[in-house]
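Fold and contact review
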Amino acid sequence: MILRLIERTGVFLVSLAVSSVLVFAFMAVLPGDPARVALGVNASDEAVAELRRQFGLDRPLPTQYFDWLGGLLHGDLGTSYVSKAAIGPQVFDRLQVTLWLVVAGMVIALAIAVPAGTLMAARHRKVSGLALSAVSQVGVAVPAFLAGILLIVVFAVKLGWLPANGWTPPAQDPAMFLQQLILPALALGLVQGAVLTRYVRSAVLDVLREDYLRTARAKGLRPFQALWKHGLRNAAVPVVTVLGLQLATLLIGAVVVERVFVIPGLGSLLLDGVSNRDLLLVQDVVMVLVLAVLLVNFLVDVLYVALDPRLRTA
Amino acid sequence: MRRLNPSLIAGGVIVAVIVAMALVSFVWTPYDATLVTPSSRLLKPSWSHWFGTDKFGRDVFSQIMVGSRTTLFVGVVAVGVAAVIGVPLGILAAMVRRWPGEAIMRANDLLLAFPALLLAIMFGAVFGASTLTAMIAIGIASVPSFARVIRSGALQVMRSEYVLAARAAGRQPFPIAVRHVLPNVTSLITVQASVSFAIAVLAEAALSFLGYGTPPPTPSWGRMLQESQEFLFSAPRLAIFPGLAIAIAVLGFNLLGDGLRDRFDPKLEDRR
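Residues numbered from 1 in each chain as written. Chains lettered and ligands numbered in written order. Predicted model: local features only at pLDDT ≥ 70, side-chain atom pairs only at ≥ 80, totals over all residues.

**Notes on the overall build of chain B**
What chain B contains, in helices and strands, is 10 helices and 0 strands. Scanning chain B from its N terminus toward the C terminus, one meets helices and strands in the order α-α-α-α-α-α-α-α-α-α. Long-range pairs, those at least 24 residues apart, make up 70% of the contacts in chain B with a sequence separation of at least 6. (Helix = DSSP H or I, 4+ residues; strand = E, 2+ residues; numbered from the N terminus. Contact = placed C-beta atoms within 7 Å.)

In structure tokens form, the structure reads like this:
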């Protein structure tokens, strides 16, 4: 088990290092000089040279890379070439907003997927199971931003129950925070829930065919008791893998949903950075998102071992 | 007789309708999809404008028709890019065992950390937003899933007797890959292409919605949705029609992918 954990940690760290090189290299091939881009076309050559010197853009690329990486490791994401403000605090503030969305979205997705998927598997030859299957198939086809727009049309425009957009920090006004969180979290959660439902169904169907479940039924347990006591933990292993991948999708989905609901999260920061040509900011946000995806996959690997005792000796 | 496969039929019909709509739009649309007519702004659906008109007086139905071309074009190119890179990579990873094969798959996994949308936004930041950058970014982001699926299929083929016989007869790896492995993974390629197509449609719509996809005036379902946002209170139908188009297209390709998978591997039919 320890060996496996060391191996997975190694893979995670190497992936992280290679990704950071990729992100840095990708932004470095950008046509045009970041300093010139930041100052505008009318800036004098002296002003551009001064900015290049100020931000260390005149140094060799490897030096710039290691400097950036060193900063990242210390939590220092550098200073924006455009706004001249420190990037770290901005990313940290925005990340909190996005995390609220992602976590709420995932909770909603799980709350839908686990019961619906289990029900679909238990009744997979009945009309109710097939009907749920069809609904989930439609849910998978609706992108989160479209779900967001539809939710706004129904709950904000037609019914007037919830605000159409905006964001209030929870510490400032918890009631308003919740009201504004519901629709974007639902937009993310409903769609992910539909995707996840299909995996839960498939995993539970596999478990239902297992001998130990038949034995549990033979001992006199009712179908749902048997599934609850013996089935769900076994069905959890494949679902957790997908959950990890879905969390990454959810994080990226949040980028678009933030736009729909005018929420000042990490996605908005990234998109604003792209439109302002604030390259270091874009590079930092992309790296934070990639780190989050890799970290989630790493944690899923670790969770595997916890869920499946057979892997502990492997 | 083989049982009817509802997913395959439903998916096939939906995709055929979208393809037909795109083809017809080359020769006929009710109105010029890009024609700005200020006098007929925001008209409700009627016999003359089936889906109404937008803020510039453009006919929404005509835009949906021409938008299907954009959707299919982006899908075809993105899936093409993914297949051209992913299929050889998957076959190579299966044929070259030991560490080079392992290294290919590790690099492949690394690419998974860059989802289509993130990659496309990065491409947009560096090269400027366009249909081309969106297609390439979506294509590259779909490479890992192609490579993974094809590798698992190719590994099975590599263990088959005819491949062992070909190797024993002294055939070189490249002819084995082309003559034996590739023809036996085409069903996997078809299924994966359909699934990736659905993802490409979603990604293109999201990118155009954010302003990083197809630039105006070329009609695109995602941008129609974006433009509809300022009229959600007064004319929500402007969001409904392109939204439905996106959802139906994705549903069609997903169903087609499911149906094809069932057809090629009937054992799996019960699982979905």
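Following the structure, the description resumes.
**Section: the overall build of chain A**
Counting its secondary structure elements, chain A contains 12 helices and 0 strands. Referenced to the eigenvectors of the C-alpha coordinate spread, the extents of chain A come out at roughly 85 × 55 × 35 Å. Taken across its 314 residues, chain A has 39% of its residues classed as buried. Long-range contacts, defined as pairs at least 24 residues apart, comprise 71% of the intrachain contacts of chain A with a sequence gap of at least 6. (Buried ≥ 20, exposed ≤ 12 C-beta atoms within 10 Å, placed from the backbone.)

**A look at the packing of helix 4 (residues 116–127) of chain B against helix 8 (residues 186–210) of chain B**
Residue and element names in this part refer to chain B. Direction vectors running N to C along helix 4 and helix 8 enclose 45°, while the axes themselves pass 10 Å from each other. One finds that helix 4 runs oblique with respect to helix 8. Seen from above, helix 4 lies across helix 8 with right-handed handedness. Facing helix 4, whose interface residues are Ala116, Leu117 and Ala120, helix 8 presents Ile199, Ala203, Ala206 and Leu207. (Axes fitted to C-alpha atoms, helices over the stretch in contact; angles between N-to-C directions. Parallel < 35°, antiparallel > 145°, perpendicular 65-115°, else oblique. Left-handed = near helix turned anticlockwise from the far one by under 90°.)

**Description of the interface of chain A and chain B**
When the parts come together, some accessible area is lost, and that loss is often what is quoted as the size of the interface. Contact residues are listed per partner, giving 36 residues for chain A and 29 residues for chain B. Elements with a minimum of two residues in the side of chain A that touches chain B: helix 1 (2–28), helix 6 (127–141), helix 7 (144–158), helix 8 (174–208), helix 10 (223–260), helix 11 (266–275) and helix 12 (279–307) of chain A. In terms of residue count, helix 7 of chain A provides more of the side of chain A that touches chain B than any other element does, 7 residues in total. Broken down by class, the residue content of the side of chain A that touches chain B amounts to 30 nonpolar, 5 polar and 1 charged. (Nonpolar A, V, L, I, M, F, W, Y, C, P; charged D, E, K, R; others polar.)

**Focus: helix 2 (residues 60–95) of chain B**
All names here are of chain B. Helix length check: helix 2 (36 residues) gives 51 Å between terminal C-alpha atoms against 52 Å at 1.5 Å per residue, within 8%. The largest bend along helix 2 measures about 25° and falls at alanine 83. Among the 36 residues in helix 2, 27 count as buried, and that is most of the element. (Expected span 1.5 Å × (residues − 1). Bend = angle between axes of the 7 residues up to and from the residue.)

**Looking at the packing of helix 10 of chain A against helix 12 of chain A**
All names here are of chain A. Interhelical geometry of helix 10 versus helix 12 gives an angle of 170° and a closest axis separation of 9 Å. One element, helix 10, and the other, helix 12, form an angle in the roughly antiparallel class. Of helix 12, the residues touching helix 10 (which contributes Ala236, Val237, Val240, Thr241, Gly244, Leu247, Ala248 and Leu251) are Leu289, Ala292, Val293, Val296, Asn297, Val300, Leu303, Tyr304 and Leu307.

**Things to note about the confidence of the model for chain B**
Averaged over all residues, the pLDDT of chain B is 85; the fraction at 70 or higher stands at 96%. This prediction of the complex comes with two scores: 0.85 for pTM and 0.81 for ipTM. (pLDDT = per-residue confidence, 0-100.)

**Side note on the environment of phenylalanine 233 of chain B**
Secondary-structure assignment places phenylalanine 233 of chain B in the loop between helix 9 (221–228) and helix 10 (237–264). Put simply, phenylalanine 233 of chain B and isoleucine 9 of chain B are 224 residues apart on the chain and 38 Å apart in space, counted from C-alpha to C-alpha.

**Description of unusual backbone geometry**
With an omega of 10°, the peptide bond between proline 216 of chain B and proline 217 of chain B qualifies as cis. Positionally, proline 217 of chain B belongs in the loop between helix 8 and helix 9. Phi angles above zero are rare outside glycine, and lysine 84 of chain A is one such case at about 65°. As for its placement among the helices and strands, lysine 84 of chain A is situated in the loop between helix 4 (61–73) and helix 5 (87–122). The exposed category is assigned to lysine 84 of chain A, around which 11 C-beta atoms lie within 10 Å.

**Observations concerning the environment of glycine 40 of chain A**
Mapped onto the elements, glycine 40 of chain A comes out in the loop between helix 2 (34–39) and helix 3 (45–54). Residues glycine 40 of chain A and alanine 306 of chain A, spaced 266 residues apart in sequence, show a C-alpha to C-alpha distance of 54 Å.

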